[in-house]
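# Summary of structural features
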Amino acid sequence: MRVLVQPQRFDAAQLLQGFGAGAGAVVTFTGLVRGEDGLVALDIEHYPGMTEKALRAHAEAAAARFGLSDVLVVHRHGHLAVGEPIMMVATAARHRRAAFDAADFLMDWLKSRAPFWKREIGPEGPGDWVAARDDDEDALARW
Amino acid sequence: MRVLVQPQRFDAAQLLQGFGAGAGAVVTFTGLVRGEDGLVALDIEHYPGMTEKALRAHAEAAAARFGLSDVLVVHRHGHLAVGEPIMMVATAARHRRAAFDAADFLMDWLKSRAPFWKREIGPEGPGDWVAARDDDEDALARW
Amino acid sequence: MTLEILYFAWLRERIGAPRESVETSAATVADLVAELVARDDRHAAALSDMRAIRVAVDQELSGLDSPLAGAREVAFFPPMTGG
Amino acid sequence: MTLEILYFAWLRERIGAPRESVETSAATVADLVAELVARDDRHAAALSDMRAIRVAVDQELSGLDSPLAGAREVAFFPPMTGG
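Definitions and limits used
Residues numbered from 1 in each chain as written. Chains lettered and ligands numbered in written order. Predicted model: local features only at pLDDT ≥ 70, side-chain atom pairs only at ≥ 80, totals over all residues. Heavy atoms only, no water. Buried < 20%, exposed > 50% of the residue type's maximum accessible area, 1.4 Å probe, protein only. Helix = DSSP H or I, 4+ residues; strand = E, 2+ residues; numbered from the N terminus. Pairing = 2+ DSSP bridges. Axes fitted to C-alpha atoms, helices over the stretch in contact; angles between N-to-C directions. Contact = heavy atoms within 4.5 Å. Salt bridge = Lys/Arg side-chain N within 4 Å of Asp/Glu carboxyl O. Least-squares fit on C-alpha atoms with pLDDT ≥ 70 in both. Buried area = accessible area lost by both parts, 1.4 Å probe. Polar contact = N/O pair within 3.5 Å; in protein donor to acceptor, adjacent residues only side chain to side chain. Phe/Tyr/Trp six-rings, centres within 6.5 Å; stacked < 30°, edge-to-face > 60°.

## Looking at the pairing of strand 4 (residues 70-76) of chain A
Where a strand is regular, its side chains alternate between the two sheet faces. Residue and element names in this part refer to chain A. Of all seven residues that make up strand 4, six are buried, and the element is covered over most of its length. As judged from the five bridges shared by strand 1 (residues 2-6) and strand 4, these two strands associate in the parallel manner. Counted as the bridge partner of Leu 4 is Val 74 from strand 4.

Have a look at this one:
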């Protein structure tokens, strides 16, 4: 299991080197900054200390619940330009259903329970804080 | 859109270079040869011509149905040792739900509709052809 | 008409060849199967349980009642196990 | 007791500081919020609608009725928007 919280870009290929050895199924999810409505960048704030602890606890919970042989979570904070990767989760399991469901579960959790806050940066500078979405909350209730 | 059917190993990092540019969500699924019950390798037979055509048609169907901005399918055939990757699908979309569902859909389809047949190779040589699973058929019926 | 018949996986092994050309006037896949089964024991054994066999006509998945008019290639194979 | 109070995102901006130490005998999060709101207009404005605010006590998500006995750090922040 590996959990990383960092401002730097991450090298997905390097992080996934050897990931899922012995497993039959590996799923990855990568979230990227989408350049919509004049967005130039996102500033992502987080809660140092709590973030790592919460990510670790939920990666462990996902591993136990879905019988994962491995799990990886990397999430960036700070200034992220349009097109840059924000985060990635990877899950490894014997069969595809568990790997898919675990990645899906981790994403639903990350969206509304991990202590990150996104602010939109436009051409004129800092704009609105991104509002939480009701359907993210609904998605979490599925599990 | 990119569809590859080949005996060689594929370089996931290279295939995913630039994949999903402009998208908000990228999901990948990788299937690997699991070393269970003395399995040494898989021999994968396919239907040259039909395989590429069917894969392309279903990648297009998934792209249309889930509004994907990009989709990639690579599937190997021939002799694959335990631990080697068999195939990968990647899906790119604006939001995570579409990317997840499209990858899930493509996998369910590949498992029971793409013209590949796996044979187990044990320490003594070729063994049984892998039997189709009822739950793979059931999985496809979800869509 | 002349049809190319293809066999894959254990069907290929039971037939003993990956492909053969047949002269036939079969109107449907079911007619063709009946002709092949009547040909010899190997075909009869390989094609004895069509519920365990899938068919593609010109590389499109088809059923036993699919027409063969204009077809050039018919493939028989077990349920697929890709992915 | 002395509590470290942390604020994130727009709460941090409205309070005008990322953290502050407070001396309090508040028994629950709700008691603490009442004390902070009574302190000045900035706190009152920032913490006016607790339905839009999440709370963590010692880095665990908590509710308004969570007890503060033994706590060292309380954080207030908007609903999270990670991923």
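So that's the structure; there's more coming.
## Observations concerning the sheet that holds strand 3 (residues 41-46) of chain B
In sheet architecture, strand pairing relies on hydrogen bonds along the backbone and comes in two forms, parallel and antiparallel. Residues and elements named next belong to chain B. Strand order in the open sheet made by the four strands is 5-3-7-8, with antiparallel pairing throughout. Sheet topology places strand 5 (78-81) and strand 8 (125-129) at the edges, where each strand pairs with a single neighbour. Adjacent strand axes in the sheet meet at a mean angle of 35°, parallel and antiparallel pairs treated alike. The pairing of strand 3 with strand 5 spans four bridges and is classified as antiparallel. Bridge pairing links Ile 44 to Gly 78 in strand 5.

## What to know about unusual backbone geometry
Negative phi is the rule for most residues except glycine; trans is the rule for most peptide bonds. A positive phi is found at Asp 37 of chain B, a non-glycine position, where the angle reads about 55°. Considering the arrangement of structural elements, one finds Asp 37 of chain B in the loop between strand 2 (25-32) and strand 3.

## Concerning the environment of Phe 8 of chain C
Tracing the backbone through its elements, the reader meets Phe 8 of chain C in the loop between strand 1 (2-7) and helix 1 (9-15). A relative accessible area of 7% places Phe 8 of chain C in the buried class. For Phe 8 of chain C and Ala 34 of chain C, which are 26 residues apart along the polypeptide, the C-alpha to C-alpha distance reads 19 Å. When near neighbours in sequence (up to four residues on either side) are disregarded, Phe 8 of chain C contacts Glu 45, His 46, Tyr 47, Pro 48 and Trp 117 of chain B together with Ala 75, Phe 76, Phe 77 and Pro 78 of chain C.

## Quick notes on the sheet that holds strand 1 of chain C
All names here are of chain C. Across the sheet, which stays open at both edges, the five strands sit in the order 2-1-5-3-4 with mixed pairing between neighbours. Edge positions in the sheet fall to strand 2 (19-23) and strand 4 (60-62), since each of these pairs with one other strand and no more. Direction aside, the axes of adjacent strands within the sheet are offset by 30° on average. Sheet topology places strand 1 next to strand 2; five bridges connect them, and they run antiparallel. Counterpart to Thr 2 in the pairing with strand 2 is Glu 23.

## A few points about the pattern of salt bridges
Within the structure shown, the criterion is met by 34 salt bridges over all chains. The partner of Arg 142 of chain A in a salt bridge is Asp 104 of chain A, with the nearest N and O atoms 3.4 Å apart. Of this pair, Arg 142 of chain A sits in the segment after helix 4 (134-141) while Asp 104 of chain A sits in helix 3 (residues 96-113); the two residues are 38 residues apart in sequence, bridging distant segments of the chain. Taken together, the shared-partner salt bridges connect Arg 96, Arg 97 and Asp 101 of chain A together with Asp 104, Asp 108, Asp 136 and Arg 142 of chain B into one network.

## Comments concerning the relation of the copies chain A and chain B
The transform that puts chain A on chain B rotates by 180° and translates by 0.0 Å along the axis, for an RMSD of 0.0 Å. Taken together, the rotation and translation relating the two chain copies correspond to the operation of a two-fold axis. Of the residues that chain A buries at the interface, 100% are likewise interface residues in chain B, meaning the two copies contact each other through the same surface.

## Details of the interface of chain D and chain A
Listed as interface residues are 21 residues of chain D and, on the opposing side, 25 residues of chain A. Together chain D and chain A conceal approximately 1,900 Å² of surface at their shared face, both sides included; 56% is due to carbon and sulfur atoms. In this assembly, chain D and chain A are joined by two salt bridges. Measuring nitrogen to oxygen at the nearest pair gives 2.6 Å for the salt bridge that ties Glu 45 of chain A to Arg 12 of chain D. Inspection of the region where chain D meets chain A yields 13 residue pairs in polar contact (both at pLDDT 80 or more). Elements that contribute at least two residues to the side of chain D that touches chain A include exactly strand 1 (2-7), helix 1 (9-15), strand 4 (60-62) and strand 5 (73-77) of chain D.

## Quick notes on the pairing of strand 5 of chain D
Residues and elements named next belong to chain D. Taken across its five residues, strand 5 has five buried, putting it largely inside the fold. Across the two faces of strand 5 the burial is the same, with Glu 73, Ala 75 and Phe 77 and Val 74 and Phe 76 all buried. As defined by bridge partners, strand 1 adjoins strand 5 across four bridges and the pair is classed as parallel. Bridging across to strand 5, Leu 6 finds its partner in Ala 75. Sheet topology note: the strand 3 (residues 54-57)/strand 5 ladder contains four bridges and is antiparallel. Counterpart to Ala 56 in the pairing with strand 5 is Ala 75.

## Thoughts on the arrangement of the chains
There are three pairs of chains in contact here; the most contacts are made by chains A and B. Separated throughout, chain A and chain C approach each other most closely at a C-alpha pair spaced 10 Å apart.

## A look at the packing of aromatic side chains
For the coordinates displayed, the defined rule picks out 20 aromatic pairs over all chains. Here Tyr 7 of chain D and Phe 76 of chain D contribute two aromatic rings whose centre-to-centre distance is 6.1 Å and whose plane-to-plane angle is 20°, an arrangement assigned as stacked. Separated by 69 residues along the polypeptide, Tyr 7 of chain D in strand 1 and Phe 76 of chain D in strand 5 bring together distant segments of the chain. One exposure class covers both Tyr 7 of chain D and Phe 76 of chain D, and it is buried. Joined through ring pairs, the aromatic side chains of Tyr 47 and Trp 117 of chain A together with Phe 8 and Phe 77 of chain D make up one cluster.

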